[in-house]
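Descriptive analysis of the structure
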Protein chains: 2
Amino acid sequence: MVSVKSATVANSADRPNAAEALARLAHDDMRRVDALILERLDSHVELIPELARYLIEAGGKRVRPMITVAAANMIGHSDIAPLKLAAAVEFIHTATLLHDDVVDESGMRRGKAAANLVWGNASSVLVGDFLFARSFSLMVEAGSMRALGVLSDAASTIAEGEVRQLSAVKDVGVSVETYMQIIDAKTAALFAAAAQVSGIVADRPANEETALETYGRELGLAFQLVDDALDYSGASAKLGKSTGDDFREGKVTLPVALAIAAASTEETAFWDRVIARGEQVEGDFERAISLVNTHGALAATVTQARNHARRAREALAIFPANKWRTALEDLADFVADRAY
Amino acid sequence: MVSVKSATVANSADRPNAAEALARLAHDDMRRVDALILERLDSHVELIPELARYLIEAGGKRVRPMITVAAANMIGHSDIAPLKLAAAVEFIHTATLLHDDVVDESGMRRGKAAANLVWGNASSVLVGDFLFARSFSLMVEAGSMRALGVLSDAASTIAEGEVRQLSAVKDVGVSVETYMQIIDAKTAALFAAAAQVSGIVADRPANEETALETYGRELGLAFQLVDDALDYSGASAKLGKSTGDDFREGKVTLPVALAIAAASTEETAFWDRVIARGEQVEGDFERAISLVNTHGALAATVTQARNHARRAREALAIFPANKWRTALEDLADFVADRAY
C-alpha cells in the first residue's frame, strides 16, 4: 500500500497518485457500491439506464462515495449501510452533473460530449430527477433518518449554491467571500455529507462526526479550488479536462476574482468586456491565463486549496492511525496538488 | 357542508364544486400546510423563494396535499406528520411542474407565463431541485421511514413516466395501454402516495393503506384523463386552462390515440402530418378537435375518467362514513365531471 510521509511534496513526479492508492484500498467495497449503482439505475424505461450509464461509466473517479466508504472503514464500521449511502451520494452527484450540463450548456463532461448534447436537455433533466429520487430510495434502505436528513439538506444546499453561482455569472464584482460561499454550497456540502454520514450510521460520538464532516468540507473546498485553477492551467490537458469553460461561461472563480482585484485600469476594461459584457474574441482566453498568472492569482488559488487540504488532513488526527486514515490524508494532499 | 347524493350527475349547474367544499373542510389544516410550505421555501438565495412563490402562489388548487390532509382526518389521525408530508407532496409536485415546463417548453402555467420564460430554464431546473431536496427534508421531519420510501419511489416513478412520455412524443402508434402506463406513472403515482402516506403515519392496517393508495391512484388517473380531454375541450377557457398544448407538442393522449385508432385513410394522413411530422398549420387544431369529437374519442376519454373516479369512490367504502370520506368521494366525482 502506498503511503506518503509528508504533506509538502514539491512535485508530482516524486509521489504516487493517492486517489489510485485509495481506489485500490477500497476496491472490494467500491465494487459493491458499483453493483448497487448499476442495480438501482435499472428501469423498464430504457433511456434511463442508457443515459445514466453513459455518464456513470465514463470513468468518473467516484471520489465522493469513496470518501464514505473509506471513512466507514477508518472508524471500523463494516456494514451495508455506508455502501448504500455511498451509492446514494454518487447518484446525487450524477444528478447534479446532468442538471449542471443543462444549466451551463456545457459541451464536454468527463471527456465525452455532455449527455444533454446527445439526448437533449429534456432527457437530462428527467434522468437527473430519476437519479435524485433513487438516491433517496437508497437512503431509505440504509435505514438512518439522521443520515437522510444530512443528505437531503446537502442536496438543497447544492441547489442553493448553483442558483447563487448562476446569479454571479458575468458579475465582475464577485468577492472572494461570495465565491467561497458558492463553492462551499455547490461542492463542499456533498463532500461533507458524504463523510459525515459514515459517522452517523456507525453511531460515533458527536466530535468524530464533526471531524468527518470537517474533513469532507475542507477536502471539497480544496477540490473545487483546484478545479477552478485547472480551468486556467496547462495541467488540464493531461487530466483529460478542457480549459476555458468557466471563462467562456463568464463564471468568476477565484483566479479571476483575484486577478480582477489586482487589475490595472486597462485590465479592468478587459475583464469588463470579456466577463461582464461577455464579448470574447480569439486570444482573450490566452490573455486571461496570462493575467491570472502575472498577478499570482492562480498560485494564490492553489495555496488556498493546499490550506484547505491541510485542514482536511488535520481533522482526521482524532482518529486512530490506520491505513484508511493515511489514505484519506493522502487524498487531501493529492487533491490540492493535482494542479501541477 | 355540501354533500352529493349520487355519483351520476348530468350537468355541473346542478351541483356544487366538491373541490371547494373539501378546501373549506380542510381549511385550518391547509393553512398550516401553507405555512410549512412558505417556511421551507425560504432561502438566503433570494431567487429561490421568488421563483417558487411565483408558481406556488399562482393559485394551484393544492389537490395532492389536500388528499393527504383529508385522508388523515378521515381515519381520525390528527398530527403534524401528515401536514408535513402534505407539504412534501406539494413540493414534489411543484418541482415536477418547474421541470416539466423546461421539458415541454410550455408557454403558460396556472394562467401565467411559465417560470422558465420569466427566469430562464437554468433557474427552473435548479429551483426544482431545491424544492425536491426540501421535500425530503420535510419527510425526514415527519419521521416515517416507510412514508419516505413510498414518496421517493413515487418520485422516481414520476420521472420514469415523464421520460416515457418524452419518448412517445410524435409517436402516432402509442397504444391505449402505453398511454395508461404513462399517466399512471407521471400523475397517478403521486396521488396514490399522497393518500397512502396518511395511512402509513397513522399506522393503519395494510388493507386500509391499500384502500387509500387505490383511492389516490384512481383519482389521479381520472384527473389526468380529464386534463387530457380538456386540452381538446371548449370547457377549458372557464377553468383558466389553455387548449391545444398537447396537440402542439405532439403528445398522443387518449383522445388522440382513440381518434387515430378510428381514423379513415385521409384522417390517418392528417395525424401523420400534424403529430408524427409535427407539420401544423392554421386550422389543424380545430380539425383535431372535430375528429376527437366525431369519433367519440373525447366522450370515451371522459367515460374512462368517470370509471376511475367510481373506483376511487368505491375504495373508500371500507372506512367509516364521515364528512371527510364524503368530501373525498365527492372530489372523485368532481374531478371526473369538470370536463363539462
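Everything below is about the structure printed above this text.
Structure report, in brief. What you see is a predicted model, and the numbers here were worked out from it, not measured in a lab.

1. As for the nonpolar core
Grouped together as the largest cluster of nonpolar side chains are 248 residues, with contacts concentrated most on Trp 271 of chain A together with Tyr 215, Trp 271 and Leu 331 of chain B. Aside from chain neighbours lying at most four places away, what touches Tyr 215 of chain B is Ile 67, Ala 312, Ala 315, Leu 316, Leu 328, Glu 329, Leu 331 and Ala 332 of chain B.

2. A closer look at the pattern of salt bridges
All names here are of chain A. Summed over all chains, the structure comprises 46 salt bridges over all chains. Between Arg 313 and Asp 333 there is a salt bridge, with its nearest N and O atoms 2.6 Å apart. In this pair, Arg 313 sits in helix H15 (residues 297-315) while Asp 333 sits in helix H16 (residues 323-337), placing the two residues 20 residues apart along the sequence. When its relative accessible area of 6% is taken as the criterion, Asp 333 is described as buried.

3. Structural notes on the interface of chain A and chain B
Contact with chain A, which involves 36 residues of that partner, is made by 36 residues of chain B. Both faces considered, chain A and chain B share a buried interface measuring about 3200 Å² in area, 78% of it formed by carbon and sulfur atoms. Of all residues in chain A, Leu 126, Met 145 and Glu 160 of chain A bury the most surface against chain B, accounting for 20% of the area lost on that side. For the pair chain A and chain B, the interface holds zero salt bridges. Between chain A and chain B we count eight residue pairs in polar contact (both at pLDDT 80 or more) in total.

4. What about helix H1 (residues 18-25) of chain B?
Spacing of three or four residues puts side chains on the same side of an α-helix, whose turn is 3.6 residues. Residue and element names in this part refer to chain B. Among the residues of H1, those classed as buried are Ala 18, Ala 19, Ala 21, Leu 22 and Leu 25. One side of H1 carries all its buried residues, which in axial view fall inside an arc of 160°. Among the residues of H1, the N-terminal cap falls to Asn 17, whose side-chain oxygen and the backbone nitrogen of Ala 19 are separated by 2.8 Å.

5. Concerning the packing of helix H12 (residues 254-261) of chain B against helix H15 (residues 297-315) of chain B
Residues and elements named next belong to chain B. It is at 8 Å that the axes of H12 and H15 come closest, and there the two elements cross at 130°. The angle between H12 and H15 falls in the class oblique. Crossing hand, H12 versus H15: right-handed. Together, Leu 254, Pro 255, Leu 258 and Ala 259 of H12 and Ala 297, Leu 298, Ala 300, Thr 301 and Gln 304 of H15 make up the contact between the two elements.

6. Focus: the relation of the copies chain A and chain B
Note on the copies: chain A fits chain B at an RMSD of 0.0 Å, the axial shift is 0.0 Å, and the rotation between them is 180°. Both chain copies can therefore be described as sitting about a two-fold axis. In this assembly, 100% of the residues forming the interface of chain A have copies in chain B that are likewise at the interface, indicating an isologous arrangement.

7. Observations regarding the packing of aromatic side chains
Pairs of aromatic rings are described using the distance from one ring centre to the other and the angle between the two planes. According to the stated counting rule, one finds 16 aromatic pairs over all chains in the structure shown. Between Tyr 232 of chain B and Phe 285 of chain B, the ring centres sit 5.8 Å apart and the planes meet at 45°, which makes this aromatic pair tilted. Residue Tyr 232 of chain B is located in the loop between helix H10 (206-230) and helix H11 (245-249), and its partner Phe 285 of chain B is located in helix H14 (residues 284-294); the two are separated by 53 residues in the primary sequence. One exposure class covers both Tyr 232 of chain B and Phe 285 of chain B, and it is buried. With centroids separated by 5.2 Å and ring planes inclined at 70°, the aromatic side chains of Phe 270 of chain B and Trp 271 of chain B adopt a geometry described as edge-to-face. This pair shows no difference in class: Phe 270 of chain B is buried, exactly as Trp 271 of chain B is. Each member of the aromatic cluster is reached from another via a ring pair, and the members are Phe 132 and Phe 136 of chain A together with Phe 132 and Phe 136 of chain B. Sitting over the face of the ring of Phe 270 of chain A, Arg 287 of chain A holds its NZ or CZ atom 4.9 Å from the ring centroid.

Conventions used here
- Residues numbered from 1 in each chain as written.
- Chains lettered and ligands numbered in written order.
- Predicted model: local features only at pLDDT ≥ 70, side-chain atom pairs only at ≥ 80, totals over all residues.
- Heavy atoms only, no water.
- Core = buried A, V, L, I, M, F, W, Y, C linked by side-chain atoms within 4.5 Å.
- Buried < 20%, exposed > 50% of the residue type's maximum accessible area, 1.4 Å probe, protein only.
- Contact = heavy atoms within 4.5 Å.
- Salt bridge = Lys/Arg side-chain N within 4 Å of Asp/Glu carboxyl O.
- Helix = DSSP H or I, 4+ residues; strand = E, 2+ residues; numbered from the N terminus.
- Buried area = accessible area lost by both parts, 1.4 Å probe.
- Polar contact = N/O pair within 3.5 Å; in protein donor to acceptor, adjacent residues only side chain to side chain.
- Arc of directions from axis to C-beta.
- Axes fitted to C-alpha atoms, helices over the stretch in contact; angles between N-to-C directions.
- Parallel < 35°, antiparallel > 145°, perpendicular 65-115°, else oblique.
- Left-handed = near helix turned anticlockwise from the far one by under 90°.
- Least-squares fit on C-alpha atoms with pLDDT ≥ 70 in both.
- Phe/Tyr/Trp six-rings, centres within 6.5 Å; stacked < 30°, edge-to-face > 60°.
- Lys NZ or Arg CZ within 6 Å of the ring centre and 35° of its normal.

Distances and angles like these do not, on their own, reveal function.
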